[in-house]
Protein chains: 2
Amino acid sequence: MLRLSKLTDYAVVIMARLAREGAGPDGRVQTAPGLAAATGIAEPTVAKVLKILGQAGLVEGVRGARGGYRLTRLLPAVPLAEVIAAVDGPIALTACVDGGAGACEAEAFCAVRGRWDPVNDAIRAALSSITLADLAGPGCCARPGLAPATASAAIPAE
Amino acid sequence: MLRLSKLTDYAVVIMARLAREGAGPDGRVQTAPGLAAATGIAEPTVAKVLKILGQAGLVEGVRGARGGYRLTRLLPAVPLAEVIAAVDGPIALTACVDGGAGACEAEAFCAVRGRWDPVNDAIRAALSSITLADLAGPGCCARPGLAPATASAAIPAE
DNA sequence: ATCAAATAGGACTGATTGGGTCCTCTTTGA
DNA sequence: TCAAAGAGGACCCAATCAGTCCTATTTGAT
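Residues numbered from 1 in each chain as written. Chains lettered and ligands numbered in written order. Predicted model: local features only at pLDDT ≥ 70, side-chain atom pairs only at ≥ 80, totals over all residues. Heavy atoms only, no water.

Asker: Teacher, can you tell me more about the overall build of chain A here?
Answerer: A tally of helices and strands in chain A yields seven helices and two strands. Of the regular secondary structure in chain A, the N- to C-terminal order runs α-α-α-β-β-α-α-α-α. Of all intrachain contacts in chain A linking residues separated by at least 6 positions in sequence, the fraction that spans at least 24 positions is 67%. For chain A, the exposed area adds up to about 7,600 Å²; of that, 57% sits on carbon and sulfur atoms. (Helix = DSSP H or I, 4+ residues; strand = E, 2+ residues; numbered from the N terminus. Contact = heavy atoms within 4.5 Å. Areas by Shrake-Rupley, 256 points an atom, 1.4 Å probe, with all protein chains shown as cover.)

So this is what it looks like as structure tokens:
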């Protein structure tokens, strides 16, 4: 069904939540347990997603007491393709493309070998043109001067 | 990794092979065992894929002795999105979109609810703009007047 | 009329993948 | 010195999918 993993879905939700909580670049950090409570996602899963996002450089982890996570970029600067690549791995519809020779046993017969590249490029382009801000919607990107939202703040009706 | 299923990959290969064998609309039919031999895909799997494609109306099955399959449309008229939808199901990156209410337990918290639609549309558009002819490449679409290729015919160097 | 070839449809099984959890170590503010 | 929180890795269970097989139906050929 061409679906992406749940982890990627969670990643988008969590990053949107980080932005709403004011945990942007150089902002306050937000803890994994706090984000779990705010999003309804299980705490260990939230921690796992944040670790992955941290390795990809999409969020920054602050260790120690009073630690937590914050975004390294504002949502409009984060293309969806980057989040998917961080969580799900490289964006490629078939295993052939990056597997090189030998990955496909029907290589000698394969009539479509090497022709998936335009498809993958098209998908990548589509996912790169959409940013997390598009997914999070207005009101999710905390702007300077705005009162920081708390976890109990009402979610704006959409 | 956003990968589509192997069955979809097989479907593209098989349909490209059908075109190359001259089994286009109103053309000769090609048997499942013959296609299996020509593509290197296991015969039961070929049969399974053809059955699925037949239900979707992408190929036409002729029953009985001397039966087989033929394409219902020429490759340039078959968008890749249609093949993927036939084999893998509807193209949607998340389960939320078509599940309606109640499909997501975090619905009340979900900050990105309903915002995946533009993403799905972008993916669908990208996959609809590519036809099987693009994937099969030149030489795969048998034109009237051309000598019908046999299974042992050399595959044109690409 | 009978047989053989081939599709149609469905059921079943094994393996791969990924979601989810847990444990330990390190860091750091109180 | 302690507690809170992230970092990293290992592990287990479940869902999904690929692949196979069986049976019924159709239809041309003998």
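Asker: Would you take a moment to explain the protein's contact with DNA strand C for this structure?
Answerer: Around DNA strand C, a shell composed of 24 residues is seen, among which A:Ser5, A:Leu7, A:Lys48, B:Lys51 and B:Tyr69 lie nearest. Here the atoms of DNA strand C within 4 Å of the protein split so that 69% fall in sugar or phosphate, with bases taking the remainder. One of the backbone N or O atoms of B:Ala65 is found 3.5 Å from a base nitrogen in DNA strand C. Elements represented by at least two residues in the surface near DNA strand C include exactly helix H1 (6-20) and helix H3 (43-55) of chain A together with helix H2 (32-39), helix H3 (43-55), strand S1 (59-62) and strand S2 (68-71) of chain B. (Near = heavy atom within 4 Å. Polar contact = N/O pair within 3.5 Å; in protein donor to acceptor, adjacent residues only side chain to side chain.)

Asker: How should I be thinking about the nonpolar core in this particular structure?
Answerer: When a protein is soluble and globular, its nonpolar side chains tend to lie buried together. Membership of the largest hydrophobic core comes to 86 residues, with the highest contact counts inside it found for A:Leu127 and B:Leu127. Ignoring sequence-local partners within four residues, the contact set of B:Leu127 consists of A:Leu2, A:Leu93, A:Val119, A:Ile123, B:Pro79, B:Leu80, B:Ala81, B:Ile84 and B:Ile91. (Core = buried A, V, L, I, M, F, W, Y, C linked by side-chain atoms within 4.5 Å. Buried < 20%, exposed > 50% of the residue type's maximum accessible area, 1.4 Å probe, protein only.)

Asker: Could you clarify how one ought to interpret the pattern of salt bridges in this entry?
Answerer: Side chains bearing opposite charge may pair, as long as their charged atoms lie close to each other. All names here are of chain A. Within this structure, the stated rule accounts for eight salt bridges over all chains. A salt bridge links Glu82 to Arg73; the nearest nitrogen and oxygen atoms lie 2.5 Å apart. Its relative accessible area of 27% is what places Glu82 among the partly exposed residues. Overall, the relative accessible area of 26% leaves Arg73 in the partly exposed class. (Salt bridge = Lys/Arg side-chain N within 4 Å of Asp/Glu carboxyl O.)

Asker: Sorry if this is basic, but what is going on with the environment of A:Leu58 here?
Answerer: Residues and elements named next belong to chain A. Along the chain, Leu58 falls in the loop between H3 and strand S1 (59-62). Put simply, Leu58 and Arg70 are 12 residues apart on the chain and 8.9 Å apart in space, counted from C-alpha to C-alpha. Residue contacts for Leu58: discarding those within four places in its chain leaves Met15, Leu53, Leu71, Thr72, Arg73, Val78, Glu82, Val83 and Ala86.

Asker: Quick question: what am I supposed to make of the pairing of S1(A) here?
Answerer: Residues in a regular strand point their side chains to alternate faces of the sheet. Relative to strand S2 (residues 68-71) of chain A, S1(A) runs antiparallel, the two being bridged by four bridges. In the sheet register, A:Gly61 faces S2(A), and the bridge partner there is A:Tyr69. (Pairing = 2+ DSSP bridges.)

Asker: Would you explain the protein's contact with DNA strand D in this entry?
Answerer: Close to DNA strand D lie 24 residues, the nearest being A:Lys51, A:Tyr69, B:Ser5, B:Leu7 and B:Lys48. A share of 68% of the atoms of DNA strand D within 4 Å of the protein falls on sugar and phosphate groups. With respect to DNA strand D, the side chain of A:Arg63 contributes an N or O atom lying 3.1 Å from a base nitrogen. A distance of 3.2 Å separates a phosphate oxygen of DNA strand D from a polar side-chain atom of B:Tyr10. Of the residues contributing to the surface near DNA strand D, the split by class is 10 nonpolar, nine polar and five charged. (Nonpolar A, V, L, I, M, F, W, Y, C, P; charged D, E, K, R; others polar.)

Asker: What should I look at first to understand the packing of helix H4 (residues 80-88) of chain B against helix H6 (residues 117-128) of chain B in this one?
Answerer: Helix packing for two helices is described by the angle between their axes and how far apart those axes are. All names here are of chain B. At their nearest, the axes of H4 and H6 sit 6 Å apart, and the two run at 115° to each other. Residue-level inspection shows Leu80, Ala81 and Ile84 of H4 in contact with H6, the latter providing Arg124, Leu127 and Ser128. Tallied by class, residues from the contact of H4 with H6 come to four nonpolar, one polar and one charged. (Axes fitted to C-alpha atoms, helices over the stretch in contact; angles between N-to-C directions.)

Asker: Whenever I open this one, the confidence of the model for chain A confuses me. Can you help?
Answerer: Should the pLDDT be low somewhere, the predicted coordinates at that spot are not to be read in detail. All names here are of chain A. In this model, chain A carries an average pLDDT of 80, and 73% of its residues clear a pLDDT of 70 or more. Here residues 97-103 is a poorly scored stretch, pLDDT under 50, and it has 10 contacts once near neighbours within four places are set aside; other chains count. Confidence over residues 142-158 falls short of pLDDT 50; this stretch has 17 contacts with residues more than four positions distant or in other chains. (pLDDT = per-residue confidence, 0-100.)

Asker: Would you mind going over unusual backbone geometry with me for this structure?
Answerer: Excluding glycine, most residues fall at negative phi; most peptide bonds, likewise, are trans. All names here are of chain A. The phi dihedral of Asp26 falls on the positive side, at around 60°, and the residue is not glycine. Within the secondary structure, Asp26 sits in the loop between H1 and helix H2 (32-39). The residue Arg66 is not glycine, and still its phi comes out positive at about 65°. Relative to the helices and strands, Arg66 resides in the loop between S1 and S2. Given the relative accessible area of 82%, Arg66 is considered exposed.

Asker: What exactly am I supposed to notice about H1(A) here?
Answerer: Helical geometry: 3.6 residues make up each α-helical turn, so side chains three or four residues apart lie on a common side. All names here are of chain A. Over its 15 residues, H1 extends 21 Å from the first C-alpha to the last, a length consistent with the 21 Å expected when each residue adds 1.5 Å. The buried fraction of H1 is high, at 12 of 15 residues. Listed in full, the buried residues belonging to H1 are Thr8, Asp9, Ala11, Val12, Val13, Ile14, Met15, Ala16, Arg17, Leu18, Ala19 and Arg20. Gly22 lies just past H1 and shows a positive phi near 85°. (Expected span 1.5 Å × (residues − 1).)

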